[in-house]
2 protein chains.
Amino acid sequence: MSAKLKDRVRKIAEKAKAASSVLAQLSVSDKNNALLAIAGAILTHQDAIIKANNKDLAQAKKEKYPAALVDRLALDEKRIIAMAEGLKDTAALRDPIGEILDTTERPNGLLIKKIRVPIGVVAIIFESRPNVTADCIALCLKSGNAVILKGGKEAAYSNDAIFKVCRKALKDTAIPAEAVQMVPSKDRKAVDALLKLDDLVDLVIPRGGEGLIRFVAENSSIPVIKHFKGVCHIYVSDQADLAMAEEVCFNAKVQRPGTCNAMEKMLVHKDVADKFLRSMLHRFTDAGVELRGDAKTRQISKKVKPASKEDWTTEYLDLILTVKIVGSLDEAIGHINTFGSHHSDAIITKSEEEIEKFFKSIDSACVYSNASTRFTDGYEFGFGAEVGISTDKIHARGPMGLEGLTTYKYIVSGNGQIRQ
Amino acid sequence: MSAKLKDRVRKIAEKAKAASSVLAQLSVSDKNNALLAIAGAILTHQDAIIKANNKDLAQAKKEKYPAALVDRLALDEKRIIAMAEGLKDTAALRDPIGEILDTTERPNGLLIKKIRVPIGVVAIIFESRPNVTADCIALCLKSGNAVILKGGKEAAYSNDAIFKVCRKALKDTAIPAEAVQMVPSKDRKAVDALLKLDDLVDLVIPRGGEGLIRFVAENSSIPVIKHFKGVCHIYVSDQADLAMAEEVCFNAKVQRPGTCNAMEKMLVHKDVADKFLRSMLHRFTDAGVELRGDAKTRQISKKVKPASKEDWTTEYLDLILTVKIVGSLDEAIGHINTFGSHHSDAIITKSEEEIEKFFKSIDSACVYSNASTRFTDGYEFGFGAEVGISTDKIHARGPMGLEGLTTYKYIVSGNGQIRQ
């Protein structure tokens, strides 16, 4: 890596760090006013943003990117209004900073308060969707953090345009414009340099495919919050309300199959398999779902293709489902903990005992009884916004709201206490 | 690295992972009984442990290790009793597992509970002091985690003896013996292998010098909680009660200088410097403290040697102190945030306004007013036990008690909810 690039990235991080100290002290109204100023500027300058986006789209067509990627890349008036609304929504959220998490008075009279503070400097590395830029800026600034953005090269012009609009809007607010930084999108090596700045950057959040997340996790000396894949299971017990099971499984697979909280694997107890699957599998195939399964499932329906070993661990993000018939709740639990991704898993049963066992044993961020896994989402959980869904166990797990972008410090008030 | 060693370390981690699922389900009395059984076995088998320790000590003498290291290494009856007492104390602590951290009922009727659960498998990599082995086992098992230990090669025989006593004691308890694992102490490459097992190990905690911690942080693909150095400051304001300031500063430097929460740097406002330092510096030199300082401090006392650039960031862990005279609270805050280690810093002042500003602006795990920094400690904070003191901002910050070894999951109870 060139010393020049390394130096450039370091300077960016130093500016973010300096701005983060100012930002950490601001009142909630100062922060909210700045978010509203950015929202206004995005609407005012939407023509410039769309013009930049057209350059990215032209490049995408030239390089024959897949249609799904082009769709994620494209910005129109509707998406720009949504970006501005997102900023306004974040401004309306409760400010987590300054919350007193705990207060203790010690026998020696020391008063110890644990208070919520910003983390400092957060780097967010993301792919293709340029509207993520505005989301990330809103969430980081609201939680009092400076942010360093690194977008994908496909969206380089769009990201740059949004970034410039935002920086310009901040000039008339209490938030220093330097609190928002962007690393050149076109240079992958800039990411390498950024991931080593553990004296300046406090947290890295990669948002994108598994490849990007693995790359960041393996190359970062800064702590990383990982949002790996969602291989979500629903287990239909022999004690399930089968009509409910059918509605829930159908919803979890079909309502929006491209999301990480959609069901990818369905496990069914052997005693209800025949009855349940005959109706369920028809409904799936009618909705265009491709079915794969184990030998027992294939005995019930000829529409089911044989599942390969990889099928049990694959996140399809598509209308594909793998089905397995199991002999017991224990077998279901063992399968989910072994082959799942510790994201979201559900049981459908009328037995409180089974629910309790499932809740205790399943090692996932979100464990459900009698509901669709599709509810794993910051908005559905009532957090108002979402940084992502963490499959990590450290710092933040599951849907990660504004609080996931905070840490705490202890403030200790004395009147001359010394240690004996 | 040999494939054989890699394979061996992987097998160790797999066993820990399997045991962690059993351990996570155990009741608090099952866990406490196991800790008491280990405490009893350590006392029963103290001769074997001391015999093994003698082998390490003989080796240490042969290799002419420094006296301080030999002291840390040595086990006698008193230290073995202290190990057993530590296990009993941990058994007596409140079990954090199962605590309900938050409950929300959503408009659609979903009941979301956030509950505290064990992390899973924790690897602890430590140096020289063999009594840390028993501490780590106690804290991890009590919080429901399996533990993989890797001690230093200097204490290989002692660690192995304590490990074997512990494993044998667990055989008659509800905790699977496999929940405690040890990686061979003599092979540094085993650490490399361990740090890559991010599919099996959930957290790594290095306990030791800065070199060890940096090595682990740079080579781990598993999240790491870092306990870097403590370069603690006390700022004596022009609005301080100078008699109190003298007592607090003396305590923070002299009471136990080898700890990470001892004062290493003293900042004094220029308007009180002359009056305060004349008495204070005498007291320090009488207590054998070597003084270093800036030019202004040296004008006040000839006993003060010139401070080099490195002095401002060095953790001495010894009777050495660097002193600086500053012009304002702002200058003190800037200095601490720039040259400090974000561990523990204090202000001595009678002004509530100054305290508030110091609390808000200092970016450290523990920020004090009118008290010695020596109180940054799990026991002094009332946590009952301490995994260490984190200078990280992610997951755990400051003194890290049993709760630092836990995470949470969401359990979501429905009655057929589907996403619209």
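First things first, this report covers the structure right here in the doc.

About the thresholds
- Residues numbered from 1 in each chain as written.
- Chains lettered and ligands numbered in written order.
- Predicted model: local features only at pLDDT ≥ 70, side-chain atom pairs only at ≥ 80, totals over all residues.
- Helix = DSSP H or I, 4+ residues; strand = E, 2+ residues; numbered from the N terminus.
- Buried ≥ 20, exposed ≤ 12 C-beta atoms within 10 Å, placed from the backbone.
- Contact = placed C-beta atoms within 7 Å.
- Nonpolar A, V, L, I, M, F, W, Y, C, P; charged D, E, K, R; others polar.
- Pairing = 2+ DSSP bridges.
- Least-squares fit on C-alpha atoms with pLDDT ≥ 70 in both.
- Axes fitted to C-alpha atoms, helices over the stretch in contact; angles between N-to-C directions.

## What to know about the environment of A161 of chain A
Residue and element names in this part refer to chain A. Relative to the elements of secondary structure, A161 occurs in helix α7 (residues 156-170). C-beta crowding within 10 Å serves as the criterion here: with 25 such atoms nearby, A161 is assigned to the buried category. Discounting chain neighbours no more than four positions away, the residues touching A161 are A48, I49 and A52.

## Regarding unusual backbone geometry
One non-glycine residue, L317 of chain A, lies in positive phi territory at about 55 degrees. Considering the arrangement of structural elements, one finds L317 of chain A in the loop between β10 (305-306) and β11 (320-326). Backbone geometry at K64 of chain B places phi at a positive 55 degrees, although glycine is not the residue there. If you trace the backbone, K64 of chain B turns up in the loop between α3 (46-62) and α4 (67-73). A residue is classified by how many C-beta atoms lie within 10 Å of it, and K64 of chain B, with 7 of them, is exposed.

## Quick word on the interface of chain A and chain B
Residue-level contacts link 53 residues of chain A with 53 residues of chain B. Listed by contribution, the elements that provide at least two residues to the side of chain A that touches chain B are α9 (210-219), α10 (242-254), α14 (352-361), β13 (366-371) and β16 (406-417) of chain A. Of all the elements, β16 of chain A adds the most residues to the side of chain A that touches chain B, at eleven residues. Per-class residue counts for the side of chain A that touches chain B are 22 nonpolar, 20 polar and eleven charged. The pairing of β13 of chain A with strand β16 (residues 406-417) of chain B spans five bridges and is classified as parallel. Paired with Y368 of chain A across the bridge in β16 of chain B is V412 of chain B.

## Details of the relation of the copies chain A and chain B
Taken as rigid bodies, chain A and chain B are interconverted by a rotation of 180 degrees and an axial shift of 0.0 Å, the fit giving an RMSD of 0.0 Å. This pairing of chains is accounted for by a two-fold axis. Identified as the residue of chain A closest to the rotation axis by C-alpha distance is H395 of chain A, at 1.9 Å. Looking at chain A, 98% of its interface residues are interface residues in chain B too, so the copies touch through the same face.

## Examining the sheet that holds strand β4 (residues 146-150) of chain A
All names here are of chain A. Strand order in the open sheet made by the four strands is β5-β4-β3-β6, with parallel pairing throughout. One side of each edge strand has no neighbouring strand; the edge strands of this open sheet are β5 (180-182) and β6 (203-207). Direction aside, the axes of adjacent strands within the sheet are offset by 20 degrees on average. Across five bridges, the pairing between strand β3 (residues 121-126) and β4 is parallel. Residue pairing in the sheet places I124 in a bridge with L149 of β4. Against the sheet, helix α6 (residues 131-142) touches β3, β4, β5 and β6, its axis set at about 160 degrees to β4. Contacting β4 and β5, α7 crosses the sheet at an angle of about 155 degrees to β5.

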